[in-house]
Amino acid sequence: MRYISAAQTQKGIRKQMNQDSILLINQRFCGRESVLAVICDGIGGLADGEVASREVVRLFEKWFLEKREAAWDCDDFEDELYDSWEALLQSAHHQISSYRSGRGSRMGTTATVMLLMEKEYYIAHVGDGRIYEIMDEAVPLTRDQTIAGLAGTGGSPTGEAADDKASGILLQGIGASEKIRPVYTSGCVKDQAVYLLCSDGFRHRVERSELVEWFSPGNMTDEKVMTDRLSFAIKQVESRGEKDDISGILIRAQQERNE
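Residues numbered from 1 in each chain as written. Predicted model: local features only at pLDDT ≥ 70, side-chain atom pairs only at ≥ 80, totals over all residues. Heavy atoms only, no water.

Student: Outline the packing of aromatic side chains, listing residues and values.
Tutor: Counting across every chain of the model gives 11 aromatic pairs. Ring geometry for Phe 60 against Trp 85: centres 5.8 Å apart, planes inclined by 75°, an arrangement best described as edge-to-face. One end of the pair, Phe 60, is in helix 1 (residues 49–66); the other, Trp 85, is in helix 3 (residues 77–103), and 25 residues separate them in sequence. We note that Phe 60, like Trp 85, is buried. Where Tyr 82 meets Tyr 122, the ring centres are 6.3 Å apart and the plane angle is 70°; that geometry is what we call edge-to-face. With Tyr 82 in helix 3 and Tyr 122 in strand 5 (residues 120–126), this residue pair connects regions lying 40 residues apart in the sequence. Overall, the relative accessible area of 10% leaves Tyr 82 in the buried class. Accessibility expressed as a relative area gives 7% for Tyr 122, which makes it buried. Ring pairs connect the aromatic residues Phe 60, Trp 63, Phe 64, Phe 77, Tyr 82, Trp 85, Tyr 122 and Tyr 184, which therefore count as one cluster. The residue whose ring lies beneath Arg 229 is Phe 232, and the NZ or CZ to ring-centre distance is 4.6 Å. (Phe/Tyr/Trp six-rings, centres within 6.5 Å; stacked < 30°, edge-to-face > 60°. Helix = DSSP H or I, 4+ residues; strand = E, 2+ residues; numbered from the N terminus. Buried < 20%, exposed > 50% of the residue type's maximum accessible area, 1.4 Å probe, protein only. Lys NZ or Arg CZ within 6 Å of the ring centre and 35° of its normal.)

Student: Just give me the short version of the confidence of the model for the protein chain, but keep the residues and values in it.
Tutor: Chain-level pLDDT for the protein chain is 88 on average; 87% of the residues reach the 70-or-more range. Confidence drops under a pLDDT of 50 for residues 153–164, and excluding neighbours within four residues, the segment shows 25 contacts in the predicted structure. (pLDDT = per-residue confidence, 0-100. Contact = heavy atoms within 4.5 Å.)

Student: Give a description of the pairing of strand 4 (residues 111–117) that names residues and reports values.
Tutor: Sheet faces and side chains relate simply in a regular strand, where the side chains alternate between the two faces. Within strand 4, 7 of the 7 residues are buried, which leaves it mostly tucked inside the rest of the structure. Residues Ala 111, Val 113, Leu 115 and Met 117 of strand 4 are buried on one face, and the alternating residues Thr 112, Met 114 and Leu 116, pointing to the opposite face, are buried as well. Of the pairings in the sheet, the one linking strand 3 (residues 32–41) to strand 4 comprises 6 bridges and is antiparallel in character. Among the inter-strand pairings, Val 35 is bridged to a residue of strand 4, identified as Leu 116. The pairing of strand 4 with strand 5 spans 7 bridges and is antiparallel. (Pairing = 2+ DSSP bridges.)

Student: Describe the sheet that holds strand 5, listing the residues and the values that go with them.
Tutor: Pairing is antiparallel across the open sheet formed by 5 strands, whose spatial order is 2-3-4-5-8. Each edge of the open sheet carries a strand with a single partner, namely strand 2 (20–29) and strand 8 (183–188). Within this sheet the neighbouring strands show an average axis-to-axis angle of 10°, counted without direction. This element, helix 1, spans strand 2, strand 3 and strand 4 of the sheet and lies at about 10° to strand 2. (Axes fitted to C-alpha atoms, helices over the stretch in contact; angles between N-to-C directions.)

Student: Tell me about the environment of Ile 249, and name the residues and values.
Tutor: Relative to the elements of secondary structure, Ile 249 occurs in strand 10 (residues 246–254). Given a relative accessible area of 0%, Ile 249 falls into the buried group. In contact with Ile 249, other than residues within four places in its own chain, are Ala 6, Ala 7, Ile 22, Leu 23, Leu 24, Ala 37, Val 38, Ile 39, Tyr 195, Leu 196 and Leu 197.

Student: Run through the nonpolar core, naming residues and quoting values.
Tutor: Within the largest apolar cluster, 32 residues are counted, with the highest numbers of intra-cluster contacts made by Leu 36, Phe 60, Trp 85, Leu 115 and Ile 174. Among the elements of the structure, strand 2, strand 3, helix 1, helix 3, strand 4 and strand 5 are those that each provide at least two residues to this core. When residues in this core are grouped by element, the largest group, 8 residues, is from helix 3. Apart from the residues lying within four places of it in its own chain, the contact partners of Ile 174 are Val 56, Leu 89, Ala 92, His 93, Ile 96, Met 107, Gly 108, Thr 109, Ala 111, Val 126 and Ile 180. Ranked by size, the runner-up nonpolar core spans 22 residues in total, among them Val 194, Cys 198, Val 212 and Ile 234. (Core = buried A, V, L, I, M, F, W, Y, C linked by side-chain atoms within 4.5 Å.)

Written out as structure tokens, the structure is:
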């Protein structure tokens, strides 16, 4: 499987600093193509949210560069992968919690992580970022860890549950809650599919039908087009009054001819 990808992040219109942190690495090793994509959203309203989000991104980058091959060489790759991610996330949670306590401040971050290896994808999820699989429709691969998500309404087309603001309250965040329980999922990569990772600021004011219109796999022909479409989407979201930071990562899968 071949992958092309693009990423964009934009500070919120009323924010002094972008608290989102993103990571996108596309590399081939041992004859296998792999992509690691991460979006971490420093939890709104908490001081030093950008510190927390950057730290989690840094740890995943280090994992990818130093430990992925060891996981791949194991007989049970998926179990080894999720064990290593669980250790990483729990360590990050402890570090950020300790840092927060030492400073007497409050901080935390969400984390939405996707690894694509050959024809499989692997996901780790904490918070309310999202991953969509886009073909004829935009299908969420994650569930928001919010009151609305717990109730099963967090997958509504707009990403919001009616007018109840409390429904969007996060139930867990790295460094921000007493404990974290990341959710892990995996599946088969679909040929020609586009995978979108996004922060909540990206999708609050967007319909799923618009995601299909903007990021239709047939139009995602190269990385420049993908970057331009992300920039267009971010401008659309800003024009609708979104105040939060806006981040998105696009990955398009294409089966190679010799597969």
